[in-house]
Amino acid sequence: MSRAQRPGQPPALRPKAPRSDARRAAGSAAPSVHPLFSVYEHTTDIVARFDPGGRYVDCNRAVVRMGGVPADELIGSRVGEIAVRRIGRAKAGEILELRRAIRDVVATAKSHEREVTFSLGSERLTFAVRLIPEADAAGRITNVLMLARDLTALKRAETAVAAREQELAELQRRAEIGTWTFDLGRRAWTWSDEMYRLFGSRSHVHGARTITRLLGRIHAEDRARVRAAHRRSRRQGEPFDVEFRVVQPGGAIRILRDTGHASRDSTGAVVGLVGTTRDFTAIRRAEQQAHEAEERFRLMFETSPVAQLITQAPDGRIREANPKFLELLGYEREEVLGRTVLELNLPTELAEPAGAGRSPESSRRGQPLSGRPIRAHSKSGHPFDLAVSGAKVTRDGAVHALAFLVDAGELRRASEQLQQARTELTRVARASLLGELTASIAHEVKQPLTGVITNAEACLRWLRLAEPDLTEATAGIQRIIGDANRASDVVTRIRSLLKKAKPVKAPVQLDDLVRDVLVLIESETRRRGVALRARFQPGLSAIAADRVQLQQVLMNLVMNSLDSFAGVTDRSPEVTIEVVSGDSELQVAVVDNGTGLTDEEFDRIFEPFFTTKDHGIGLGLSISRAIIESHGGKLWASPNKGPGVRMVFTLPCR
Amino acid sequence: MNSLADESRAKPTVFIVDDDASVRQAMESLLRSAGLEAESFSSAQGFLQSEPTGRAGCVILDVCLPKVSGLQLQAQMAKREIDLPIIFVTAHGDVRMCVEAMKAGAVDFLLKPFRERELLAAVDHAIRHNSEVHHARQERHALLTRFATLSHREREVMSLAVAGYLNKQIAARLGAAEITIKIHRRRVMDKMRAKSFADLVRAAEKLGLTQSGGA
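Residues numbered from 1 in each chain as written. Chains lettered and ligands numbered in written order. Predicted model: local features only at pLDDT ≥ 70, side-chain atom pairs only at ≥ 80, totals over all residues.

Overview of the confidence of the model for chain A
Residue and element names in this part refer to chain A. Taken as a whole, chain A shows an average pLDDT of 81; of its residues, 86% reach a score of 70 or greater. Taken as a whole, residues 1–29 scores under 50 in pLDDT and shows 57 contacts with residues more than four places along the chain or in a different chain. Here residues 355–364 is a poorly scored stretch, pLDDT under 50, and it has ten contacts once near neighbours within four places are set aside; other chains count. (pLDDT = per-residue confidence, 0-100. Contact = placed C-beta atoms within 7 Å.)

Considering the interface of chain A and chain B
Taken together, the contact pairs 19 residues of chain A with 16 residues of chain B. Listing elements by their share of the side of chain A that touches chain B, those giving two or more residues are helix H16 (433–464) and helix H17 (470–500) of chain A. Broken down by element, the residue count for the side of chain A that touches chain B peaks at 14 residues, all from H16 of chain A. Within the side of chain A that touches chain B, the residues separate by chemical class into five nonpolar, eight polar and six charged. (Helix = DSSP H or I, 4+ residues; strand = E, 2+ residues; numbered from the N terminus. Nonpolar A, V, L, I, M, F, W, Y, C, P; charged D, E, K, R; others polar.)

Remarks on the nonpolar core
In this structure, Val14, Val17, Ile87, Phe88 and Val123 of chain B are the most contacted members of the largest nonpolar core, which totals 40 residues. Counting residues in each nonpolar core, the second largest holds 31 residues, with Val553, Phe565, Met647 and Leu651 of chain A among its members. (Core = buried A, V, L, I, M, F, W, Y, C linked by C-beta atoms within 7 Å. Buried ≥ 20, exposed ≤ 12 C-beta atoms within 10 Å, placed from the backbone.)

Quick word on the sheet that holds strand S3 (residues 57–62) of chain B
Residue and element names in this part refer to chain B. Strand order across the open sheet formed by five strands is S2-S1-S3-S4-S5, with parallel pairing between neighbours. Across the chains shown, the open sheet's two edge strands, defined by having one partner strand only, are strand S2 (37–41) and strand S5 (108–111). Adjacent strand axes in the sheet meet at a mean angle of 20 degrees, parallel and antiparallel pairs treated alike. Across four bridges, S3 lies against strand S4 (residues 86–90) in parallel orientation. Its bridge partner lying in S4, Val59 is registered against Ile86. Against the sheet, helix H1 (residues 21–33) makes contact with strand S1 (13–17), S2 and S3, and its axis sits at roughly 170 degrees relative to S2, the strand it touches most. (Pairing = 2+ DSSP bridges. Axes fitted to C-alpha atoms, helices over the stretch in contact; angles between N-to-C directions.)

Considering the confidence of the model for chain B
Residues and elements named next belong to chain B. Counting all residues, the mean pLDDT for chain B is 85, and 92% of those residues have values of 70 or more. Mean pLDDT per element in chain B: helix H4 (residues 95–103) is the minimum at 78, and S1 is the maximum at 94. Predicted as a complex, the structure gets a pTM of 0.38 and an ipTM equal to 0.70.

Regarding unusual backbone geometry
That bond from Lys112 of chain B to Pro113 of chain B is cis: its omega, -5 degrees, falls within 30 degrees of zero. Here Ala109 of chain A, not a glycine, exhibits a phi torsion of approximately 60 degrees, which is positive. Locating Ala109 of chain A in the fold gives a position in the loop between helix H6 (97–108) and strand S3 (112–120). In this structure, Arg193 of chain B is a non-glycine residue whose phi angle is positive, near 55 degrees. Assignment of secondary structure puts Arg193 of chain B in the loop between helix H8 (178–191) and helix H9 (197–207). Here Arg193 of chain B falls in the exposed class, since 12 other C-beta atoms lie within 10 Å of it.

Overview of the packing of helix H7 (residues 167–174) of chain B against H8 of chain B
Residue and element names in this part refer to chain B. Here H7 crosses H8 at 105 degrees, and the two axes come no closer than 8 Å. With respect to H8, the axis of H7 lies roughly perpendicular. Across the interface between the two elements, Asn167, Lys168, Ile170 and Ala171 of H7 pack against Glu178, Ile181, Lys182 and Arg185 of H8. (Parallel < 35°, antiparallel > 145°, perpendicular 65-115°, else oblique.)

Listed below in structure tokens is the structure:
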């Protein structure tokens, strides 16, 4: 099959084509053009006529256009003859098979249809060919008419569509995007393969029943919402966008987002829905994690005891400042946000991203920005020395500097306080030596006491003998006198020792001192279940006193009170320390609701070695009184209003 | 206090070591009034210099002594084999110290001030204890001396006899005639000064021979 353009020249078929007897009979005298001639001539389909031997008898322009061979060259040649000559036997392929087909049509007088494929140039062409026998009145086959339609474009389109569909399915699978339609009329769903996978189906059976089953996996709480969104879209024709959870067979939850719109027919009536479903599980989870991380950061930032500042490079504009920062420098949040560190007269180091000149690791860890403190000023102009460390953070794609600020002065004060606490501890340790002192005093007294008793008993034995030994007895009595004097000396010595011990006086704030005692004795009171309280008159002035000695007195009085609760069960034990300021003296009272004292005990408690306790030595109060007196004050005891004792001491002030 | 008397030794002595002169003298006076011998020292060194090894009696020791403390003296006495029982006295009531002293072998621990009854009872107990220990040691010493005079064969015969073997069995064991064993046995009884076989068994027990005499 070949054809050629013969511009201007009418095709050869003209006189023969409408060779219908009926037409002729219709009486068109002049050889006229058949009304359908132009259709024949201009159709894009190929029309040709062969004689029973397979030679071209006639052909239309389409043949000429396709083959590029003039019609007169073609006519008379066998089908395929020119094609073989021009494009070779191999490429002409199926064209040559038409010869046999023509023979068959001639032999059988039946029309024949087939597809013929061949190559022309780089193109592979496909034609749908129909061969129709033409017979004369006697029934003899005179010609074979060929109608051929170029299917190449159609074929190509079909291939392309198939490829596109495959591509789309692959794309959906990869993107985890499923598409679906819902036909309102048939009330039927159509799902892409990916839809099944999104719903967690492993079945290869796709269809209405599977879809119904899979829709049942939508989380019970979300079903109504999804249905409502689709219904709204259907009724009002607006797009829908709904997110829902799908419970997978294992119980895992998948979050799907379904978007789409109503589909309409040519009249604009809504006939169904078209939707796209995507897997949002990872996205939502990532969002959740990001949100939580942000929350954690915010919480740490807001509650940190360290002042923190976030500035944005390059101009050091403040993006965030935590409450500690605002407190430290005396600003309101609104006053600093959006301002630069320079505008606030803050050191520019605060806005330096810590990455400069450092490895990324070290900047992440938050390295000190400066070895020595940086001087900064608060809003009111108060100077600070700040120890600053910083880290580089990237937030919302922008580089920020995160600075940590510690008031170096505060650090120093803290370390001083620690030092002070240590000193205090040393003092307390020294004070406990007093306990050891009393023990050694006890030893000193017990020694002469032993002498008295043992000598007296020996004397009695010598005197009780049948012949009393007066020499031995006299010696014993003399030793007794010596021992008694010795015991008396010990007491005198202790008292004078305490009187001689000059208190080291320094300004003492009595309420502070009481608080110290409360702390020192706290574990003891808790262990014994005693409520220990202190009441101060406001505005107490400092007095000159020996802090450690006063602490000892107070400790001694409180300990006595604690000891007085032995056997008390009918009331909750309470000890109160009251500090009241008078005109010329401070008065400190330790009041308890313990067992109290008898009249005789009240008379004697300040005597040395008098004790109401089983294991007491009886020196605490006499020493305490000596200490208070050496401060120019007085110490006495009186009964409490209720049960218990009220111990009071005074100290002169001013 | 007759029970304290020991005819074979000198009268027991109570040694008092206390740095407080009055207490020391008072105790000495008290003990003498009770008919006891007493010697007193103001320091640990003074006591050790008096060479108390082998003497009968007991020691009253103050825990708190200058230079060498009572507890240190207790240790030194053990080293020098001075086996006098110790009664500690102290003005410090200290449980830990008391436990330590008792563990090291003290017989009593008195807190000052104490009463005469407590002291005398402690002294009586200590001297009795010392005397018993002395007796036991004396007896054992005598037995050992006698046992040393036995010949090898006589010792064998003695161990088997006290283990309950008949002369016949002993003879078979030692490969000797029964008559020979009888002679050995008689000699053992003489040398050990045992008046009866039961006497011999008691002596063997005190010498520690009976455990090894099994079949």
